[in-house]
Amino acid sequence: MSRTSSPPARTPTGRFGRWHLSAICLSIGLAIVSIRPSVAADTLLWFSDGRPTATARKAADLLASAAEDGLNANDYGADLLRNAIENAASGHAPANDTVIQLERSLTSATRRYLADLHYGRIDPQQLGEKYSGVSGQRSDPDTWLISAIADDRLPEAVRSVKPQLAQYHELREVLARYRQLVGNPAWQKALPVPADGKLQPGQPYAGISILNLRLKVLGDLPANGVLPTLYEGRLVDSVKSFQERHGLTPDGVVGKGTLEQLNVTPEARVRQLELALERLRWTPLLQAPRAIVVNIPEFRVRAYEVRDGKVEMKVAMNIIVGNASKTRTPIYDAEMRFVEFSPYWNVPPSIARDETLPKLRREPSYFDQQGFEFVGRDGKVVSGYSEASLDAVQRGEMRIRQKPGAKNALGDIKFIFPNSDNIYLHHTPTPQLFKRDRRDFSHGCIRVEEPVALAKFVLADEPEWTEERIVQAMTKGRSATLRLKEPFPVVIAYSTAVFRDGRIHFFPDIYGQDKVLDDALARHSQSLRASNKMEIGLKSNH
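Computed from a predicted structure; not experimentally measured.

### Description of the sheet that holds strand 10 (residues 398-402)
Backbone hydrogen bonds are what pair the strands of a sheet, in a parallel or an antiparallel way. An order of 7-10-8-9 is seen for the four strands of this open sheet, with the pairing classed as antiparallel. Two strands in the sheet have a free side with no partner beyond their single neighbour: strand 7 (345-346) and strand 9 (381-382). Sitting on the sheet, helix 12 (residues 349-362) is in contact with strand 7, strand 8 (372-376) and strand 10, with an inclination near 75 degrees to strand 10. Strand contacts of helix 14 (residues 387-395): strand 8, strand 9 and strand 10, with the helix running at about 110 degrees to strand 10, the strand carrying the most contacts.

Quick look at the structure:
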């Protein structure tokens, strides 16, 4: 349960840094038409006999439709380019230098669009999200572009570079539906606060007509229902459905949390979906035959198998993550390599200084109650409590360790994927916390609700580890570490919009990462928009 805080932003490096720099260069005209060595610099891709080709018009239309994938068409100067192409296609033939400049602008915008669709617009390292990178050989947007133009398959190329994930395509469809809800009369007025702060089933409610309409529009209430005079029946059931989709206890009581979510506008949900699509472009999901994926805002972990191109979810359960205000769980990926049964818990120095030592000085009996012991730098174990040992821990000369047992903070199993933050998955002696709606209670590590089910998945390739043997090892009370024969990825992800069980689910931005991404994208768009207006706008009036 390592204490950790939100990682600092970093400058772009490696695989994302190269493309981020390329996009910036292209947007200000520093990189012109350098498709690949086999194509001459003066080769025209979009013009024939001084006029734009049908492929050029297709490209402009695709750029204009960028919003369908949660991108910003203005980032590519879509309207400016489409107007310029229409002007070049009619009237007097454009001057040669106008053709060349428009050729360059369309090439730059289209290759950036392809790269953005595939890799995303933002380097996740800038957000403190430390993904190691996509495995395997990376494709070059120039290769996609020249091949698509040569084969007259630009729309097909665009489809092929999008993330080939069911979640991506499902969120994309939901985005289209929510765009249609923008401006809907159901959100013209905010729902009023109930008279006593909570709306209970059977009570009258001044906002019942608005609530009824809003839930019908969202799909939680059947469209053919009759408006009730009291808050009861199907309207209560529809609120329970809404609560389940928003990470709330489905009790049908409209309290503060439910009211807040009900009053979120379609415009805000559209942005939430756009950010979720952006993250799917660079979160390294399902790139191996087996994977564990944690989604922090959802407080859920899932285990997947990929066989013959088909993805099957094998395990899903609730989790507890790092506290949002103090000890956030970092966002990154690593490889699951070890399972430790009946683990010791070495109390991290920060937790020892801030929590354990003060507690022990106030209540020395807490030492034996929790099964603690002291361990020196030489590995020597001191079982008894003493003020001298506490002072040695304070000086960093000893550490506090909790023995395996019923009160061990890690429960009876620990799943280890080595990382610099010392974060891991583990069980817990306080399972009652899994009943809470919001579950950010840990010091950074991730507590799992069903450790045996997760252990069965982790050890699925090792048939000698039956469920019975796993349970025996967990309850033995003697620590033992097993190295996996085949390591596999663990991905700590962050998405506040998830399509599951045939419905869209939204979750609060508990770590503020959506806000960080939204701000980064706004800066990105602002820098591109200014250069697009100057580069394309001036040329279209040439």
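### Some remarks on the environment of Arg337
Mapped onto the fold, Arg337 is located in strand 6 (residues 333-341). Remark: the alpha-carbon pair of Arg337 and Phe415, spanning 78 residues in sequence, is separated by 8.1 Å. With residues up to four places along the chain from it excluded, the contact list for Arg337 reads Ile416, Phe417, Pro418, Leu482, Arg483, Leu484 and Pro487. There is a polar contact of 2.6 Å between the side chain of Arg337 and the side chain of Glu335.

### A word on helix 15 (residues 451-458)
Along helix 15, the residues that are buried comprise Pro451, Leu454, Ala455, Phe457 and Val458. Along helix 15, the residues classed as buried sweep out an arc of 160 degrees about the axis, all on the same side.

### Things to note about the packing of helix 12 against helix 14
Running from N to C, helix 12 and helix 14 point in directions that differ by 170 degrees, and their axes come no closer than 11 Å. The pairing of helix 12 with helix 14 is recorded here as roughly antiparallel in orientation. Along the contact surface, helix 12 presents Ala352, Arg353, Leu357, Leu360 and Arg361, while helix 14 presents Glu387, Leu390, Asp391, Val393 and Gln394. Of the residues in the contact of helix 12 with helix 14, the class split is five nonpolar, one polar and four charged.

### Structural notes on the side chain of Arg121
Relative to the elements of secondary structure, Arg121 occurs in the loop between helix 4 (96-119) and helix 5 (141-150). You can call Arg121 buried: its relative accessible area is 5%. Engagement of the side chain of Arg121 in a polar contact is seen with the backbone oxygen of Gly70, the distance being 3.4 Å.

### Section: helix 4
Helix length check: helix 4 (24 residues) gives 34 Å between terminal C-alpha atoms against 34 Å at 1.5 Å per residue, within 8%. Most of helix 4 is tucked away, with 18 of its 24 residues classed as buried. Taken from the residues just after helix 4, Gly120 is the one with a positive phi, measuring 90 degrees.

### Description of the pairing of strand 16 (residues 503-506)
Within a regular strand, side chains alternate between the sheet's two faces. Both strand 15 (residues 497-500) and strand 16 contribute to a ladder of four bridges, which runs antiparallel. Note that in strand 16 the partner of Arg500 across the bridge is Arg503. The hairpin formed by strand 15 and strand 16 contains two residues between the paired strands, and Asp501 there has a positive phi angle of roughly 55 degrees.

### Some details on the side chain of Ser525
Its place among the elements puts Ser525 in helix 17 (residues 513-540). One polar contact links Ser525 to Asp75, side chain to side chain, over a distance of 2.7 Å.

### Focus: the packing of aromatic side chains
In total, this model carries ten aromatic pairs according to the counting rule given. A ring pair is formed by Tyr366 and Phe372, whose centres lie 5.9 Å apart and whose planes are at 70 degrees; its orientation type is edge-to-face. Members of the aromatic cluster, joined through ring pairs, are Tyr366, Phe367, Phe372, Phe374 and Tyr385. In this structure, Arg401 is placed above the aromatic ring of Tyr344, and the distance from its NZ or CZ to the ring centre is 3.9 Å. In this arrangement the basic side chain of Arg469 is found over the ring face of Trp465, its NZ or CZ atom lying 3.9 Å from the centre.

### Focus on the environment of Tyr494
Among the secondary structure elements, Tyr494 is positioned in the loop between strand 14 (480-493) and strand 15. Separated by 365 residues in the primary sequence, Tyr494 and Glu129 have C-alpha atoms spaced 9.2 Å apart. In this structure the side chain of Tyr494 is engaged in a polar contact, spanning 3.3 Å, whose partner is the backbone nitrogen of Ile510.

### Quick word on the pattern of salt bridges
Working definition: two side chains of opposite charge can pair if their charged atoms are close together. Tallied over the entire structure, the rule returns 35 salt bridges. With a closest N to O distance of 3.8 Å, Asp461 and Arg290 form a salt bridge. Taken together, the residues span a long stretch of sequence, with Asp461 in the loop between helix 15 and helix 16 (467-475) and Arg290 in strand 3 (residues 290-295) at a distance of 171 residues. Ionic pairing is found between Asp501 and Arg500, a salt bridge with its closest N-O pair at 3.9 Å. The class of Arg500 is buried, set by a relative accessible area of 18%. The network of salt bridges with common partners includes Asp220, Glu244, Arg245, Glu298, Arg302, Arg500, Asp501 and Arg503.

Calculation rules
Just so you know, the residues in each chain are numbered from 1, in the order the chain's sequence is written. Residue-level local features of this predicted model are given only where pLDDT is at least 70; pairs of side-chain atoms are given and counted only at 80 or more, and the full residue set underlies all totals for whole chains, interfaces and linings. Side-chain figures throughout are based on the complete set of non-hydrogen atoms in the structure, without hydrogens or water. Strand pairing is assigned whenever DSSP detects at least two bridges linking the two strands. Going along the chain from the N terminus, every DSSP run of H or I of four or more residues is numbered as a helix, and every run of E of two or more is numbered as a strand. Residue contacts follow a heavy-atom distance rule, with two residues in contact if any of their heavy atoms lie within 4.5 Å. In this description, a line fitted to the C-alpha atoms serves as the axis of each element, helices being fitted only across the stretch in contact, and the angle between N-to-C directions of two axes falls anywhere from 0 to 180 degrees. Counting of polar contacts relies on pairs of N or O atoms within 3.5 Å, with two restrictions inside protein: one atom must be capable of donating a hydrogen and the other of accepting it, and residues adjacent in sequence are counted only when both atoms are side-chain atoms. A simple rule labels every residue: compare its accessible area, found with a 1.4 Å probe on the protein chains alone, to the largest value its type can have, and call it buried under 20%, exposed over 50%, or partly exposed in between. Taking the helix axis as origin, the arc is that swept by the directions to the C-beta atoms. Between 65 and 115 degrees an angle is taken as roughly perpendicular, under 35 as roughly parallel, over 145 as roughly antiparallel, and anywhere else as oblique. For this scheme, ten residues count as nonpolar: Ala, Val, Leu, Ile, Met, Phe, Trp, Tyr, Cys and Pro. Four count as charged, namely Asp, Glu, Lys and Arg, and the remainder, Gly too, count as polar. Helix span, as expected, comes to 1.5 Å for every residue beyond the first. The criterion for an aromatic pair is that two Phe, Tyr or Trp rings (for Trp, the six-membered ring) have centres within 6.5 Å, with stacked assigned to planes under 30 degrees apart, edge-to-face to planes over 60 apart and tilted to the rest. Note on criteria: charge over ring means Lys NZ or Arg CZ within 6 Å of the ring centre, with the direction from the centre no more than 35 degrees off the ring normal. A pair is scored as a salt bridge if a Lys or Arg side-chain nitrogen falls within 4 Å of a carboxyl oxygen belonging to Asp or Glu.

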